[in-house]
Amino acid sequence: MTTRTTAARPRRNSEGGTLNVFSHGMLVVWALMVGMPLLWVLWSSFKSSGDILTSPWSLPGKLHFENWVNAWEKANIGKMFLNTLIVVGGSLTGTMVLGSMAGYVLARFQFPGNRLVYYLFVAGMSFPVFMLVIPLFFVLRDFPGVPLLATYQGLIAVYIAYSLPFTVFFMTAFFRTLPTSVAEAAMIDGASHARTFFQVMLPMAKPGLISVGIFNFLGQWNQYLLPMVLNQDEDKYVLTQGLANLALQQGYQGDWGGLMAGMMIAMLPVLLVYVIFQRQVQAGLTAGALK
Amino acid sequence: MRHGKYRFIVGFLALPLLLYGIFVISPFVQAFQISTTEWSGLRGTAKSVGLGNYGKLLHSDEFWNALKHNVVMLVLVPIVTLALGLFFAFMLNVGGRSRRGAVITGVRGATFYKFVYFFPQVISITIISVIWFNIYNPDPHDGMLNSLLGALGLDSLQSAWLGEGSVALACIMLVMVWANVGFYVVLFSAAMATIPRDIYEAALLDGAGRSQTFFRITLPLLWDTVQTGWVYMGIIAMDAFALVQIMSVNMGGPDGATDVVPLRLYLTAFRDSQFGYAAAMGVAMLVVTLLFAVLTMRFARRERIEY
Amino acid sequence: MGSTSEVGRRDLVKRAAALGILAVPAMGALSSCATGGGGGSQDGTKNKGATSAKNPLGVKNGVSLEAFIFKGGLGDQYAKDAEADYNKTYGTTVKHTGTQQIGPKLQPRFAGGNPPDLIDNSGADHLDMNTLSAQGQLQDLTALLDAPSIDDPKKKVRDTLYPSTIEKGQHKDTFDVFYYAFTVYGTWYSHKLLKDKGWAYPTSFDEMISLCAEIKKAGIAPWTYPGKYPYYVHFNVFAQIAKIGGLDKWIAIDNLEPGAWTSNDAVKQVIGHYEELAAKGYFLEGSQGLTHIQSQTAWTRGKAAFIPNGSWVENEAAPTTPADFDMAVGPLFNGGTGDKMPHGTLRAEPSEPFIVAKGGKNPLGGMELLRIMLSKKHAQNFATKVKSLTSVQGATDGMQLSPGLASAAKTVKEGGKNLLMIQLQEWYPKLTDEKLGGLTSQLLTGELKAAEWIKKAQQYADEVAKDSSVTKFHRAT
């Protein structure tokens, strides 16, 4: 914590003592509530199915490494991970570029229909995806020229479209809070609108972009229903689909050890990325919090 | 200049609007049309029934039961999640003892807590459901939660959890809270870190306690952030589908105790093949979500505190 | 149905999609056009080759075939084995998909006009076959029934099956669903546990109640059940009602006739029996929240003596079943002297529905693959691999069977002609699983009285009967 000292040393109110114990206790309890289940998955992934079901708290007596082998071989998790990276990588980039473009125009330019377009996007936040999937399927199948069903580009386009409402909503609000003077100065210097946007405004909006980017990443990473309906080629499976598949499969076959190992394999890379980049992730949220 | 401006506006809006129009707006409009038909989903005859499906909806106890649970979630889950998030964030940033000469400081290990609390955010909802399903295993000896309670001598608190109608919905809401608190701890922490220290110090000099500091300084200054979080949490609460589908007893049970509209919609469409009726539910969900959004925005119109 | 209409249709959909005004009735008409598209005939003989004694259906060599197999408790290896034989004979490689989500994956493909050829439509997320059949999406399988069987060319496939397989696979007058497996439902127990404790499998409700008291005294829960899926309890409840009250009265229930539940005294007796079991605390604590796997595990570990289940349980519970468990299934219990059906009656019926899509690329190949699966070799392979019976009569005779399967086969044999078939769950899953399931879960925790269960069951059945949007079925026998 970076706090600066001051000469004044005010007296701390004395309600601190017991409250502190209580509050700190809460912090510890919550940390356990979050940490324990994850550790449980880890150690269960080395246990036999019978042990997982009958003595959930026990440590593995013998390390069942075969669970991991089974999960890897049966579930094809590496391939699914790659698919997810491609789809989410593409759609995240697209969402951020298109979303901030639209947000910028809507925040900074008066034109007839501005409010209409804005509310059209914002209304999208409330569209339940369920009511859209069946018609959406036909739209993808019959799209002229480009195969969209069960393809990366199809999923990416759909993910972008479904992330736009929140992104536009957020970025519009964000651009409104940025000072207008810098952009005006750039325009006076003769820069075009587009140049002003890409060279001046976008860098200024970086905190907001990172912040909404994290929201979007989590949303797209966890998307379940859309790939289930639109991405039925097993070679193109994303992780959420594959994991649900795995969970169901183990439910039927009773291989809980394999399921736990599969979940670990799916979680580890993301956890690793988070451990390495936690500072950036948290800093990204700072930007969102600012405004 | 004017011409350039409009060309720019059109240029920037065209692609986002095109994608949005094709993949969101057009299915959306089609869904309305489906909701006025009796349609089995596959090829064949969709029979127009006008507003018949909506009339059916109004008189369906199942639907109102599910909707009631959505509303309960919509109210409780954001409140509890955001309250816990604020509390923890406050503890982590302002709640610590004075040390190292600093007046305002977080508790010891704040960085670690933030790090751990965020974990559930990076885990797929499928995994979360499977984990909690095991925690709630109702067997007094095999269940994680039950055996823990037993070991602590709290046998009387043991329950069938998801199998117990009176607590099942709360069990599912707890998972939603569990999964999302960390996000708001980090979010609010970041926001709190931007509050100038001298504001706190001035308050402390005036003799304000921690709770007073929280309610008179922290909360008002964070109000905008809380708002954003509220909208986001509301969306999550409306879509409890994955959790309820994977965890609940007898799909939304016991006896409808955890039913939510998205699940009802899914079953109506994919189990009962009544796509028209299901689409009508979708439209109803839309109405509720819109109501929520409007109310939130109303509520949000509060004066911002400048500093 | 040439290429022009295809282009025209695409154009229309494209424009409509862009404008967002695609009218649904139009879409229905358009996609029905799409399903027939692709230039093939619509009578399910697409890609027909020459017939011969070895190839009575006339499968064309080298034409691709796609199989979509439900990969649940039975796995999908048995199908892969049959596919391997198909590949050898017809010089192709069957495209195989094993999945738990048949419905969500295939619903769009049927709508899109490119369904796979052979589908094992099982599991919680299966396709609605009634709708498919009504829409003419399913291949009539009569040709398969009339084809010679693989093992004996003089014997038609039809004559190698349990008769109920043919009966159950009909929609109106068309035989278009082939139930490959034969499932035995009932009360499952560990023969060893009963033997060790000196208990006998009860023959009547009264014996069951008194035995439960003894079991409970011994520190074991008499019953457990998967409360997460309360319809498991219905396996026994429904069949028990039919056994005591007679099949005709159960058929009235299947047909949603008014007062069918309330006027049947057997309903009162059976539901009353479960009310008593609940009141006396004869269910394992926490059962109301257990999954099938969890309840089966509790049972294989000896925490509970009885469990309502189907014959797939042996395969599914294998990882936690002790070697000397000696799994067994017993017939339905006697209610009293007025029972309409004798002791030994049990519910045993065709299961694991296979369908061939008429709109697929190779419907004949789909049927041929089924014919291969119905050979003695593959029926036995099925029994060995997944410990379940097939619809092929006597296919397992003389085989060394696992304990559960042996017991199931024996119970079926002893049941003779008294094998019950229950349609209610297949026809109206929402009624049985969701509505009645909700009632049953309360009945078994003692929150609901038997009289209340019956009253509400009748009410729910009446609601379904009145609901015009639910497709109705009728059975005479």
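Residues numbered from 1 in each chain as written. Chains lettered and ligands numbered in written order. Predicted model: local features only at pLDDT ≥ 70, side-chain atom pairs only at ≥ 80, totals over all residues.

Moving on: the overall build of chain C. When helices and strands are counted, chain C shows 20 helices and 12 strands. The C-alpha atoms of chain C give 24 Å as radius of gyration, which agrees with the globular expectation for 477 residues (23 Å, within 12%). Along the longest, intermediate and shortest principal axes, the C-alpha atoms of chain C span 75 × 55 × 35 Å. Evaluated residue by residue, chain C yields a buried proportion of 53% over its 477 residues. When contacts within chain C are restricted to residue pairs at least 6 apart in sequence, long-range pairs at least 24 apart make up 74% of them. (Helix = DSSP H or I, 4+ residues; strand = E, 2+ residues; numbered from the N terminus. Rg over C-alpha atoms; globule rule 2.2 N^0.38 Å. Buried ≥ 20, exposed ≤ 12 C-beta atoms within 10 Å, placed from the backbone. Contact = placed C-beta atoms within 7 Å.)

Along its length, chain B carries 12 helices and 2 strands. When its helices and strands are written in sequence order, chain B yields α-β-β-α-α-α-α-α-α-α-α-α-α-α. Its C-alpha atoms give chain B principal-axis dimensions of roughly 75 × 75 × 30 Å. Residues counted as buried form 56% of the 307 residues belonging to chain B.

To continue, consider the domain arrangement of chain C. Residue and element names in this part refer to chain C. Assigned domains of chain C: these are domain 1 (9-183 + 349-412) and domain 2 (184-347 + 424-466). Taking the mean C-alpha position of each, domain 1 and domain 2 sit 32 Å from one another. Residue-level contacts link 16 residues of domain 1 with 16 residues of domain 2. Ranked by residues supplied to the side of domain 1 that touches domain 2, first place goes to helix α17 (residues 403-415) with 7 residues. Taken together, the residues of the side of domain 1 that touches domain 2 sort by class into 7 nonpolar, 7 polar and 2 charged. (Domains from an automatic or database assignment. Nonpolar A, V, L, I, M, F, W, Y, C, P; charged D, E, K, R; others polar.)

Residues and elements named next belong to chain C. Looking at the element boundaries, Ile372 is found in helix α15 (residues 363-373). When the 18 C-beta atoms within 10 Å are taken as the criterion, Ile372 is described as partly exposed. C-alpha of Ile372 to C-alpha of Ala200: the two residues are 172 residues apart in sequence and 42 Å apart in space.

Another aspect to go through is the pairing of strand β8 (residues 304-310) of chain C. Residue and element names in this part refer to chain C. Summarising burial for β8: 7 of the 7 residues are buried, a large majority. Across 5 bridges, the pairing between strand β6 (residues 178-190) and β8 is antiparallel. Note that in β8 the partner of Trp188 across the bridge is Ile307. Note that strand β7 (residues 221-223) and β8 share 2 bridges and pair parallel. When the sheet's bridge partners are listed, Ala221 is paired in β8 with Ala304. (Pairing = 2+ DSSP bridges.)

Each side of the interface is counted separately: chain A has 78 residues, and chain B has 86 residues. Element by element, the count of residues in the side of chain A that touches chain B is highest for helix α13 (residues 256-290) of chain A, at 14 residues. When its residues are assigned to classes, the side of chain A that touches chain B shows 56 nonpolar, 18 polar and 4 charged.

A:Met263 and B:Ile172 are the most contacted members of the largest nonpolar core, which totals 180 residues. Per element, the largest residue contribution to this core is 19 residues, and it comes from helix α7 (residues 165-193) of chain B. If near-sequence neighbours (up to four positions away) are discounted, B:Ile172 is found in contact with B:Ala240, B:Leu243, B:Val244, B:Met247, B:Ser248 and B:Thr258. Counting 131 residues, the second largest nonpolar core, distinct from the first, contains C:Leu161, C:Trp299, C:Val313 and C:Ala383. (Core = buried A, V, L, I, M, F, W, Y, C linked by C-beta atoms within 7 Å.)

Here we take up helix α10 (residues 206-221) of chain A. Residues and elements named next belong to chain A. Over its 16 residues, α10 runs 21 Å from end to end, which matches the ideal 22 Å to within 8%, given 1.5 Å per residue. Summarising burial for α10: 12 of the 16 residues are buried, a large majority. Within α10, the full set of buried residues consists of Gly208, Leu209, Ser211, Val212, Gly213, Ile214, Phe215, Asn216, Phe217, Gly219, Gln220 and Trp221. (Expected span 1.5 Å × (residues − 1).)

Moving on, we get to α17(C). Residue and element names in this part refer to chain C. Relative to the 18 Å expected for 13 residues at 1.5 Å per residue, α17 spans 18 Å between its end C-alpha atoms, a close match to the ideal helical length. Turning to α17, its buried residues number three or more, namely Gly404, Leu405, Ser407, Ala408, Ala409, Thr411 and Gly415. Positioned one or two residues after α17, Gly416 has a phi angle of 60°, which is positive.

Next up on the list: the environment of C:Leu364. Tracing the sequence through the fold places C:Leu364 in helix α15. Taking the C-alpha atoms as reference points, C:Leu364 and C:Gln458, 94 residues apart in sequence, are found 44 Å from one another.

All names here are of chain B. Within this structure's numbering, the places UniProt gives as "transmembrane region" (unreviewed entry) are residues 71-94, 115-135, 167-187, 230-249 and 275-295. Strand forms 0% of residues 115-135 and helix 67%; the C-alpha atoms that close the span are 23 Å apart. Helix makes up 100% of residues 275-295 and strand 0%, with an end-to-end C-alpha separation of 30 Å. (UniProt positions renumbered as here; feature names shortened; annotations may be inferred.)

Time to look at the confidence of the model for chain B. With 90% of its residues at a pLDDT of 70 or more, chain B shows a mean pLDDT of 81. Below a pLDDT of 50 lies the segment residues 303-307 of chain B, which in the model reaches 6 contacts outside its immediate sequence neighbourhood of four places, other chains included. (pLDDT = per-residue confidence, 0-100.)

Here the focus is the pairing of strand β10 (residues 346-356) of chain C. Residues and elements named next belong to chain C. Of all 11 residues making up β10, 11 are buried, and the element is well covered by its neighbours. Where β10 meets strand β12 (residues 419-420), 2 bridges bridge the pair, whose relative direction is parallel. Note that in β12 the partner of Leu346 across the bridge is Leu419.

Turning to the confidence of the model for chain C, a few remarks are in order. Residues with a pLDDT of 70 or more make up 91% of chain C, whose mean pLDDT is 83. In the predicted complex, the global pTM is 0.76; the interface-specific ipTM is 0.80.

Turning our eyes to something else, we now look at unusual backbone geometry. Residue and element names in this part refer to chain C. One non-glycine residue, Leu256, lies in the positive phi region at around 60°. You can see Leu256 is positioned in the loop between α11 (247-254) and α12 (265-279). One non-glycine residue, Glu352, lies in the positive phi region at around 60°. In this fold, Glu352 is placed in strand β10. The exposure class assigned to Glu352 is buried, which follows from the 24 C-beta atoms found within 10 Å.

All names here are of chain C. The N-to-C vectors of helix α10 (residues 231-245) and helix α19 (residues 429-444) enclose an angle of 85°; their axes lie 9 Å apart at closest approach. Judged by the inter-axis angle, α10 sits roughly perpendicular to α19. Residues Tyr231, Val233 and His234 of α10 touch α19, and the partners they reach there are Thr432, Asp433, Leu436, Gly437, Thr440 and Leu444. A breakdown of the residues in the contact of α10 with α19 according to their chemical character gives 4 nonpolar, 4 polar and 1 charged. (Axes fitted to C-alpha atoms, helices over the stretch in contact; angles between N-to-C directions. Parallel < 35°, antiparallel > 145°, perpendicular 65-115°, else oblique.)

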